[in-house]
Amino acid sequence: MMRNIALKLMYVGTAYHGWQRQKNAMTVQEMLETCVAKVVKHPVRFTGAGRTDAGVHAEVYIANFRTSCNIPCDRMPLAFNARLPGDIVVLAARQVSEEFNAIGSCLRKEYTYRVYNSRIRNAFYVDRAYFYPKRLDEDFLQDAANRFVGTHDFSAVRDVGTPTRTNVRTISYFTVSRSGELIELRVCADGFLYNQVRCMVGTILYAAEGKFRPEDIDGILARKNRTEAGPTAPPEGLYMTKLWYREPVGLETDPIDSGLEYAALD
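Here, residues in each chain are numbered from 1, in the same order as that chain's written sequence. Whole-chain, interface and lining totals are the exception, using all residues; otherwise, since this is a predicted model, local features are given only for residues with pLDDT of at least 70 and side-chain atom pairs are given and counted only at 80 or more. With hydrogens and water stripped out, all remaining heavy atoms of the structure feed into the side-chain values.

Student: Lay out the overall build of the protein in plain terms, naming residues and giving numbers.
Tutor: When helices and strands are tallied, the protein shows 5 helices and 11 strands. Against the globule reference of 18 Å for 266 residues, the protein gives a C-alpha radius of gyration of 19 Å, in line with a compact fold. Along the first, second and third principal axes, the C-alpha atoms of the protein reach 60 × 45 × 35 Å. The rule is simple: take the accessible area with a 1.4 Å probe, protein chains only, and divide by the maximum for that residue type; under 20% is buried, over 50% is exposed, in between is partly exposed. Across the 266 residues of the protein, 50% fall into the buried class. Any two residues whose heavy atoms approach within 4.5 Å at even a single point are treated as in contact. In the protein, the share of contacts with a sequence separation of at least 24, taken over all contacts with a separation of at least 6, comes to 70%. We get accessible surface area from the Shrake-Rupley algorithm with a probe of 1.4 Å; when it comes to residues, only the shown protein chains can shield them. Element-wise, carbon and sulfur atoms account for 50% of the exposed surface of the protein, whose accessible area totals about 12,800 Å². Here the positive residues are Lys and Arg and the negative ones are Asp and Glu; neither His nor the chain ends is included. Every charge is mapped onto a representative atom, which is NZ of Lys, CZ of Arg, CG of Asp or CD of Glu. Computed over 34 positive and 31 negative side-chain charges, the inter-centroid distance for the protein is 6 Å. Helix numbers and strand numbers start at the N terminus; a helix is a DSSP run of H or I with at least 4 residues, a strand a run of E with at least 2. The quantity called the radius of gyration is restricted to C-alpha atoms. Its globule counterpart is 2.2 Å times the number of residues to the power 0.38.

In structure tokens:
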């Protein structure tokens, strides 16, 4: 009998060419599938909550796969982690309904972009945050971030990638906070275009450099011209940090449960 199993993961993306399996580069998906297959004794294919690009991290990530093995779910994390490298960790495993799909059942996602804002770099944030030595005003950044909230066509802040049916997305919030030298920009939406978060962050930082005013972002979005917005911020500052699902997937009550929520059906 095949079971549909959802795994709750976290990973550091520095050594990988993103989540999705590629022909000529190691990815998180390939590493996970290779290691899990050795434990369950048959080939597996994972469906992930979404693509993350090369060098991007995930504090929370959900992926599901089907297996005929009879290993109890509560033993899977230790069994899988014994095979996985230290930069990919399975936090929990649960059997879910046959219909559950880690990406198709996901309603909203939150990404957090971290900027280390100091004149001197911090060795412990190398590949974990974007080092930005010019002093940033978080109130100014918040004013610029607010321009993205709502339903818009985000063609101006996406890079060329897989074609999509529409470039319209709805951003629920885009908040900016500072703790010492670390600035966090948290953005939640019903979906994201290719490199959208990094393009939005790059645009906000461009405004902070005096290239344009925060209120100019309204026109940039309206004109849908990528060349008018700021550059794509580097990947090392980006993390997937929260996921919302249509119904509970059985992973919400684990000891490490931050970032995973569900929305009940109307």
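The rest of the description comes next.
Student: Please provide a residue-by-residue account of the environment of Lys109, values included.
Tutor: Within the secondary structure, Lys109 is located in strand β5 (residues 106-116). According to the relative accessible area criterion, Lys109 is buried, its value standing at 14%. Sequence separation of Lys109 and Pro77 is 32 residues, and the distance between their C-alpha atoms is 24 Å. When near neighbours in sequence (up to four residues on either side) are disregarded, Lys109 contacts Ala49, Gly50, Ile103, Val187, Cys188, Ala189, Phe192, Met240, Lys242, Leu243 and Trp244. Separated by 2.9 Å, the side chain of Lys109 and the backbone oxygen of Ala49 make a polar contact. Counted as a polar contact is a pair of N or O atoms within 3.5 Å, where, for protein atoms, one must be capable of donating a hydrogen and the other of accepting one, and residues adjacent in sequence contribute only when both atoms are in side chains.

Student: Provide a residue-level description of the packing of helix α3 (residues 138-146) against helix α4 (residues 196-208), including the pertinent values.
Tutor: Axis definition: a line fitted to C-alpha atoms, over the contacting stretch in the case of helices. Angles run 0 to 180 degrees between N-to-C directions. One can describe the packing of α3 onto α4 by two numbers: an axis separation of 9 Å at closest approach and a directional angle of 130 degrees. One finds that α3 runs oblique with respect to α4. Helix-helix and strand crossings are classified by hand; for α3 and α4 the assignment is right-handed. Here Phe140, Leu141, Ala144 and Ala145 of α3 come into contact with α4, specifically with Ile204, Leu205, Ala207 and Ala208. Any angle that falls under 35 degrees is termed roughly parallel, while one over 145 is termed roughly antiparallel, one within 65 to 115 roughly perpendicular, and all others oblique. Left-handed describes a crossing in which the near helix is turned anticlockwise from the far one by less than a right angle; the clockwise case is right-handed.

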